[in-house]
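# Structural features, examined
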Amino acid sequence: MLKIKDLRVSVEDTEILKGVNLEIKPGEVHAIMGPNGSGKSTLGFVLAGKDDYEVTSGSVEYQGQDLLDLSPDERARDGVFLGFQYPVEIPGVSNSNFLKMIINSIRKSRGQEELDALAMLKLLKEKLASLGMDTNMLKRSLNDGFSGGEKKRNEILQMAVLDPKLAILDETDSGLDIDALKVVSDGVNSMRSPDRSFLIITHYQRLLNYIVPDFVHVLVDGKIVKSGDKSLALELEDKGYDWVKKESSEVMA
Amino acid sequence: MSDSMQTLEKHTQSEYKYGWSSDIEMDIIPKGLSEEVVRMISAKKKEPKWLLDWRLEAYAKWKTMKEPNWAKLNIAPISYQDIIYYAAPKKQKKLNSLDEADPELLKTFERLGIPLDERKVLAGVAVDAVIDSVSVTTTFKKKLGELGIIFCSFSEAVQEHPELVREYLGSVVPQNDNYFAALNSAVFSDGSFCYIPKGVRCPMELSTYFRINAANTGQFERTLIVAEDDSYVSYLEGCTAPMRDENQLHAAVVEIYAKERAFVKYSTVQNWYPGDKDGKGGVYNFVTKRGLCNGFRSRISWTQVETGSAITWKYPSCILKGNESIGEFYSIAVTNNYQQADTGTKMIHLGKNTKSTIISKGISAGKSHNTYRGLVKIGKKADNARNFSECDSLLMGDRCGAHTFPYIEIENQSGKVEHEATTSKIGADQMFYCTQRGLSVEDAINLIVNGYCKEVFNELPMEFAVEAQKLLEISLEGSVG
Ligand SMILES: Nc1ncnc2c1ncn2[C@@H]1O[C@H](COP(=O)(O)OP(=O)(O)OP(=O)(O)O)[C@@H](O)[C@H]1O
Ligand SMILES: [Mg+2]
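Below or above, wherever it landed, is the structure these notes cover. Quick caveat, the model's predicted, so the values are computed rather than measured. (Residues numbered from 1 in each chain as written. Chains lettered and ligands numbered in written order. Predicted model: local features only at pLDDT ≥ 70, side-chain atom pairs only at ≥ 80, totals over all residues. Heavy atoms only, no water.)

## A closer look at the overall build of chain B
Each helix and strand counted, chain B has 13 helices and 19 strands in total. A sequence separation of at least 24 residues applies to 85% of the contacts in chain B between residues at least 6 apart. Here chain B has roughly 19600 Å² of accessible surface; of this, 50% comes from carbon and sulfur atoms. (Helix = DSSP H or I, 4+ residues; strand = E, 2+ residues; numbered from the N terminus. Contact = heavy atoms within 4.5 Å. Areas by Shrake-Rupley, 256 points an atom, 1.4 Å probe, with all protein chains shown as cover.)

What follows is the structure in structure tokens.
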């Protein structure tokens, strides 16, 4: 599905990712943890194609093609979804209008027919209900004045309707209360399938009790310094990041 | 530049090939302006003496006036003696069917969603081929007549309802109000007249079905709307279809007179030829628009979407004289390439408990300049007057400019004026968010811009709003990315 090889990325001449290697196979769930500022969001943005990030070396292969060659909208249409750590507000654009546009634009690119108003409403209502969201959310301006938790649920709603192949969720659990965390995790779990992969960025081991990952990676200072299974998350919770930092510098030495 | 921008420019520039030609005999008088010319215009229109005298008075005043000094406008001097001040409505070379029209032009009409019948007229198909729209027109005229509503050309009103015209002409915009209003008063060609009797709610948007016929009223247009007590009318001016005109200078005057509890809603979509991408040859649009809320709770609401013209200079205003009267101004002004717009409003609070709202959305792209200039004045006797102003500017790219000049004059301390202004660039984060969800760059821009303009679109009559939205998309095509 996704093969990242020795990826180096700079922003304004500062190197942020310093040689990341990662392979995600179809159906796998990978979690990335790491201290603030270590480059987790940067990795998500680069995979989704954000402008400001300059790839200085390395490669990313996605479904057999060079991902870095594609524009953000092409990546999205090929099934890459990024749930934003800070979802963007767009005043004056209703959430329902936005959802309709993105659903139909993705459907069109897949050669499917556009949904008519009725089918659209049915789909949206169904997904809203499964995420415990009020239909009022559809009328409001996109993310405009949404609470932190509402924004995150709205990201999951978009993921659910777009049916991506690779979902990158950047701290979707931050800002969620316990109940919301459960609902969102159920949403993700119900979408797990042999041909869909997840890259989940989080600070909290708690989330990984709900969404059980196949692999956990620790990103420190732009590099993956340790990988393991879900028990690694528990260990991190216990010992903190200093432990991996120390261990990795010993390895380097 | 995108294909459709080129298309727009191509057909707005094309000379005669597809029926924009004017090689048909015309009834014109020599160029230049003099008392003689004013007399000739009046005589050709068979006007009563009082109107001729009124024009001459205006001409005399105009001669003593000076052209305004353009603060933010970069403008080539206008030679007033090189202008032809009277030409009978020009006839276009008629086509037999739409098949003969410029296919590029037709494509634009289709994209704008202009109804088929109107497309024919706009493309210059012989009018008698458009039976539907003509019969629709007559049906509506009949219905209006039954309600006592007068809606006709200005010239017709002068002949048929001289007492009304005489009473209200110049009552809101005096002859010497400004340089261009004085010029218009002396030489105005034609325009529209609208009278809504007491207690009548006009049941349809005026001019939806007539706007084609009104399209050829020439460069010095005059509109007068009178709304008696407790009446209501929604009036639409302009057309989203690109309008080409050889007349470089347009100086229109619009007067609205609203009496007690009358509500007049005036919506404009202006899409005059903006000039080529180097800024050559566009229309100069200098308009004086003013409404007088003369009675208790009179209300006048201006909504405008401006995308055309090389230079636009326009401040639809409200004089809030009646107690508790209400003035509103909702505006979207888009400039691209070398266009310059200097628009805004004046809200003059004279009565007690008067209220005004100003929502202005400027969008600048290319190397254009977009200026908002607004005056809120609260007079001595205007106790508890309230104003709320919101002026937002959106920049697309970094070679364009936006300027905001709010002027506030308060002579009564109980007044309350709130002003908010923002300037933003079309957000890279917003763009990325939209494209990450699979929208193309163009779709993302349209979505964000439409969201930004939402408050103003909401004020437009439904079908007009849809056309205006598409017009905005076309105007901004190729401006980012
Ligand atoms: N557009 C940018 N301009 C300048 N610096 C940036 C930009 N984006 C990221 N950085 C810097 O890159 C580093 C990594 O940032 P990133 O957001 O990827 O961290 P993170 O691991 O997601 O942190 P957190 O856990 O706090 O979300 C930080 O030092 C950040 O300041
Ligand atoms: Mg982050």
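## Here's the deal with the coordination of the magnesium ion (ligand 2)
Tetrahedral coordination by four donors puts the ideal angle at the metal at 109.5 degrees, and octahedral coordination by six puts it at 90 or 180 degrees. Residue and element names in this part refer to chain A. Looking at the magnesium ion (ligand 2), the protein donor atoms are Ser-41 (OG) and Gln-85 (OE1), and they sit 2.0 to 2.2 Å from it. Of this pair, Ser-41 sits in helix α1 (residues 40-48) while Gln-85 sits in the loop between β6 (80-83) and β7 (90-94), and the two are 44 residues apart along the sequence. On the basis of relative accessible area, Gln-85 is assigned to the buried category, the value being 18%. (Donors = N, O, S within 2.8 Å, 3.2 Å for Na, K, Ca; no water. Buried < 20%, exposed > 50% of the residue type's maximum accessible area, 1.4 Å probe, protein only.)

## Description of the packing of aromatic side chains
Tallied over the entire structure, the rule returns 21 aromatic pairs over all chains. Aromatic pair Phe-45 of chain A and Phe-432 of chain B: ring centres 5.9 Å apart, planes at 70 degrees, arrangement edge-to-face. Linking Phe-45 of chain A in helix α1 with Phe-432 of chain B in helix α11 (residues 428-436), this pair reaches from one chain into another. Here Phe-45 of chain A matches Phe-432 of chain B in class, with each residue buried. Three or more aromatic residues joined by ring pairs make a cluster, and in this case those are Tyr-59, Trp-62, Tyr-80, Tyr-179, Phe-180, Phe-286, Trp-313 and Tyr-315 of chain B. The ring of Phe-45 of chain A carries Lys-50 of chain A above its face, with NZ or CZ at 4.6 Å from the centroid. Its end group placed over the ring of Tyr-232 of chain B, Arg-201 of chain B keeps NZ or CZ at 4.3 Å from the ring centre. (Phe/Tyr/Trp six-rings, centres within 6.5 Å; stacked < 30°, edge-to-face > 60°. Lys NZ or Arg CZ within 6 Å of the ring centre and 35° of its normal.)

## Quick notes on the site of ligand 1
All names here are of chain A. As a structural note, the neighbourhood of ligand 1 is formed by 14 residues, with Gly-37, Lys-40, Ser-41, Thr-42 and His-203 the closest of them. A distance of 2.9 Å separates an oxygen atom of ligand 1 from a polar atom in the backbone of Gly-37. At a separation of 2.8 Å, an oxygen atom of ligand 1 approaches a polar side-chain atom of His-203. Ranked by residues supplied to the shell around ligand 1, first place goes to α1 with 3 residues. (Near = heavy atom within 4 Å. Polar contact = N/O pair within 3.5 Å; in protein donor to acceptor, adjacent residues only side chain to side chain.)

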